[in-house]
Amino acid sequence: MTDDVAALFAQREPDRFAMHSRHLNEQMVRVLKTIGYDVGFCRGTGQYLYDREGRRYLDLLSGFGVFAIGRNHPAVRTALKSVLDSDLPNLVQMDVSTLAGVLAERLLAHVPYLDKVFFVNSGSEAVETAIKFARGATGRPGIVYCDHAFHGLSYGALSLNGDEIFRGGFEPLLPDCVRIPFNDLAALEEALRSRNVAAFIAEPIQGKGVNIPSDDYLKTVAELCRRYGTLFVADEIQTGLGRTGRFLAVEHWNVEPDMVLISKSLSGGHVPVGAVLTRRHIFEKIFNRMDRAVVHGSTFAKNDLAMACGIATLDVLKSEGLIENAAQRGEQLLRAFADMKERYELVSDVRGKGLMIGMEFGAPTSFKLKASWNLLEAANKGLFCQLITIPLFKEHQILSQVAGHASHTVKLLPPLVLSPVDCEYIIKAFDGVIAASHRVPGAVWSLGKTLVDHAIRARA
Ligand SMILES: Cc1ncc(COP(=O)(O)O)c(C=O)c1O
């Protein structure tokens with residue numbers, strides 16, 4: 001009997017790479033070994049991870065934005081234990097779930113202009129639901145999406161993906177999906193004019209690149225959608241639940257979409273869950289007769305463990321003031337990063353809202369740096385960011401990410417429990433690594449040469 005999972009973890013942890021190479025994704029193991037991220041994380045709590053030597057790491061990745069309230073939050077643990085200890089009538093199916101009712105009620109209290117909730121198991125599933133609801137409710141086929149958009153990797157969601165790296169090799173994708181540039185109102189109006197478009201879907205702040213729209217964009221998007229009978233779907237799967245310093249990112253621009261998609265943080269970092277919040281008229285077009293009561297659904301959606309995680313997460317966001325903290329800590333980091341932009345020629349832009357922040361690097365002007373930059377770019381576009389994220393990891397125990405393929409932007413997506421002291425630590429570490437990247441020759445550019453060699457060998 002495997003009843004002691006922690007003991008099993010400890011026993012097999014040293015084999016994790018071998019097991020993954022043999023039975024799972026070997027390429028991921030190769031990537032981790034190449035960049036030196038093979039430290040073996042053994043524990044996580046709050047904003048910190050601990051490796052097998054007990055070394056502490058600051059997690060600016062949050063499992064791609066899952067750990068808004070931090071890892072292994074005691075409130076979520078208590079909620080989960082309470083469900084497990086209670087013999088609740090989970091997933092009866094020929095009944096309706098009490099906990100789903102409670103979570104729906106509490107979510108809608110944050111978004112009072114929407115009326116209905118449809119629960120799902122992941123972000124992609126929320127997107128699939130939005131596509132079906134939009135087509136079903138409008139009777140139109142078209143879905144408009146943006147360049148660089150990321151809405152997930154299942155077929156419908158992939159059809160709305162704005163990057164070739166994800167789409168290539170999987171075509172044909174869903175028909176009638178039209179891509180337009182992000183932040184381009186003229187292109188949107190042009191696309192909507194046919195009145196064949198069921199929905200326009202966009203992330204209020206794009207995850208790939210941390211792209212922030214101009215101030216009037218989302219407001220005008222909502223107006224244009226209304227004018228042409230198209231539904232406006234805000235994908236807040238990454239930006240929602242306080243990440244940007246507001247419950248939803250659209251609140252920064254006073255916009256009320258027709259559907260809002262959330263997931264990631266709603267899980268409390270434990271049980272996958274997502275939700276589509278919609279206007280009543282959309283929902284009622286889909287579930288319009290008794291014989292269509294289950295016309296869309298998914299077996300595990302609304303399961304008690306997931307609902308309990310969602311309820312506990314909303315409680316923690318409020319009781320710990322995490323949305324306000326995200327706004328304040330974001331300002332602290334952005335202020336310091338803006339100062340670095342003035343001081344360092346390689347830093348070309350700094351942008352973000354709350355704790356969703358991007359630092360973009362760009363071609364330098366000084367001769368020595370330019371030659372090294374060009375060499376790196378010629379080998380592999382976007383490789384420079386690894387010269388920042390790898391030293392951050394190895395020398396400062398900070399886990400961060402590059403904001404997409406071929407991107408020049410390093411992205412910060414930390415748990416919202418980040419403290420002022422954590423921020424000072426991040427600022428110092430970034431300053432040190434960026435300063436070192438301006439020294440040629442130096443350790444950072446030696447790493448660059450190693451990465452170029454790897455890139456060339458990988459292609460050979
Ligand atoms: C904005 C956005 N939408 C959708 C998704 C897909 O979510 P999932 O990976 O849970 O399917 C993601 C995941 O990163 C996302 O960032």
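Just so you know, these numbers come straight off a predicted model, no measurement behind them. (Residues numbered from 1 in each chain as written. Predicted model: local features only at pLDDT ≥ 70, side-chain atom pairs only at ≥ 80, totals over all residues. Heavy atoms only, no water.)

Looking at this structure, I do not really get the site of the ligand. What am I missing?
Around the ligand sit S122, G123, S124, F150, H151, G152, E203, D235, I237, Q238 and K264, and that is every residue in its neighbourhood. Between the ligand and G123 there is a distance of 2.9 Å, counted from an oxygen atom to a backbone nitrogen or oxygen. The backbone of F150 places a nitrogen or oxygen atom 3.4 Å from a nitrogen atom of the ligand. Contact with the protein chains covers 80% of the free accessible surface of the ligand, which is 400 Å². Residues of the shell around the ligand, tallied by class, amount to 2 nonpolar, 6 polar and 3 charged. (Near = heavy atom within 4 Å. Polar contact = N/O pair within 3.5 Å; in protein donor to acceptor, adjacent residues only side chain to side chain. Areas by Shrake-Rupley, 256 points an atom, 1.4 Å probe, with all protein chains shown as cover. Nonpolar A, V, L, I, M, F, W, Y, C, P; charged D, E, K, R; others polar.)

Could you clarify how one ought to interpret the packing of aromatic side chains in this entry?
A ring pair, where both rings are aromatic, is described by two values, the distance of the centres and the angle of the planes. Considering all chains together, one arrives at 16 aromatic pairs under this definition. Both rings, one in F133 and one in F287, keep their centres 6.0 Å apart while their planes meet at 85 degrees; by these two values the pair is edge-to-face. Of this pair, F133 sits in helix α7 (residues 123-138) while F287 sits in the loop between α12 (280-286) and α13 (304-319); the two residues are 154 residues apart in sequence, bridging distant segments of the chain. By the burial criterion, F133 is buried, and F287 matches it. Here the aromatic rings of F283 and F287 are separated by 5.0 Å at their centres, their planes lie at 40 degrees, and the arrangement is tilted. Ring-pair connections join several aromatic residues into one group, and the members of that group are Y37, F41, Y57 and F393. The ring of Y48 carries the charged tip of R56 above its face, separated from the ring centre by 3.8 Å. The ring of F67 carries R71 above its face, with NZ or CZ at 4.0 Å from the centroid. (Phe/Tyr/Trp six-rings, centres within 6.5 Å; stacked < 30°, edge-to-face > 60°. Helix = DSSP H or I, 4+ residues; strand = E, 2+ residues; numbered from the N terminus. Buried < 20%, exposed > 50% of the residue type's maximum accessible area, 1.4 Å probe, protein only. Lys NZ or Arg CZ within 6 Å of the ring centre and 35° of its normal.)

Looking at this model, I keep getting lost on the pattern of salt bridges. Mind explaining?
Two side chains of opposite charge can pair, provided their charged atoms sit close to one another. Following the criterion strictly, the structure yields 19 salt bridges and no others. Where R279 meets D258, a salt bridge forms, and the shortest distance between an N and an O atom there is 2.7 Å. Highlighted residues: R279 in the loop between β10 (274-278) and α12 and D258 in the loop between β8 (231-235) and β9 (259-262), separated in sequence by 21 residues. With a relative accessible area of 15%, D258 lands in the buried category. With a closest N to O distance of 2.7 Å, R351 and E360 form a salt bridge. Given a relative accessible area of 24%, E360 falls into the partly exposed group. (Salt bridge = Lys/Arg side-chain N within 4 Å of Asp/Glu carboxyl O.)

Is there a simple way to explain the side chain of R71 in this structure?
Mapped onto the elements of the fold, R71 is located in the loop between α4 (62-65) and α5 (74-84). Every residue in contact with R71, bar those within four places of it in the chain, is listed here: G44, T45, G46, Y48, L49, D59 and G63. (Contact = heavy atoms within 4.5 Å.)

Explain the layout of surface pockets to me, please; I cannot follow it from the model alone.
Over the atoms rolls a probe the size of a water molecule, and its path tells where empty space is left. Estimates place the volume of the second largest pocket at around 1000 Å³. Top contributing element to the lining of the second largest pocket by residue count: helix α6 (residues 98-110), with 5 residues. The residue inventory of the lining of the second largest pocket, partitioned by class, reads 17 nonpolar, 9 polar and 4 charged. (1 Å grid on protein atoms, 1.4 Å probe; cavity = no way out; pocket = protein on both sides within 12 Å on 5 of 7 lines; lining within 4 Å. Points joined across faces, edges and corners; volume = space filled by probe spheres on them.)

Please clarify how empty space enclosed by the protein should be interpreted in this entry.
Inspection of every chain in the model, using the stated rule, returns 1 cavity of 30 Å³ or more. Of the voids in this model, the largest cavity is the one considered here, and its volume is about 30 Å³. As for the largest cavity, its lining consists of V127, A130, I131, A134, I143, L160, A199, I201 and V233. Listing elements by their share of the lining of the largest cavity, those giving two or more residues are α7 and β7 (197-202). For the lining of the largest cavity, the leading source of residues is α7, giving 4 residues. Of the residues that constitute the lining of the largest cavity, the class distribution is 9 nonpolar, no polar and no charged.

What's the story with the packing of helix α14 (residues 322-343) against helix α17 (residues 420-437) in this structure? I'm lost.
Working note: a packed helix pair is described by the angle between its axes plus the distance between those axes. Contact geometry of α14 with α17 gives a least axis separation of 10 Å together with a crossing angle of 20 degrees. Taken together, the axis directions place α14 and α17 in an arrangement best described as roughly parallel. α17 is crossed by α14, and the crossing has right-handed handedness. Judged by residue contacts, R329, Q332, L333, A336, F337, M340 and R343 of α14 engage P420, C423, E424, I426, I427, F430, D431 and I434 from α17. (Axes fitted to C-alpha atoms, helices over the stretch in contact; angles between N-to-C directions. Parallel < 35°, antiparallel > 145°, perpendicular 65-115°, else oblique. Left-handed = near helix turned anticlockwise from the far one by under 90°.)

Don't take any of this as a statement about function, it's just geometry.
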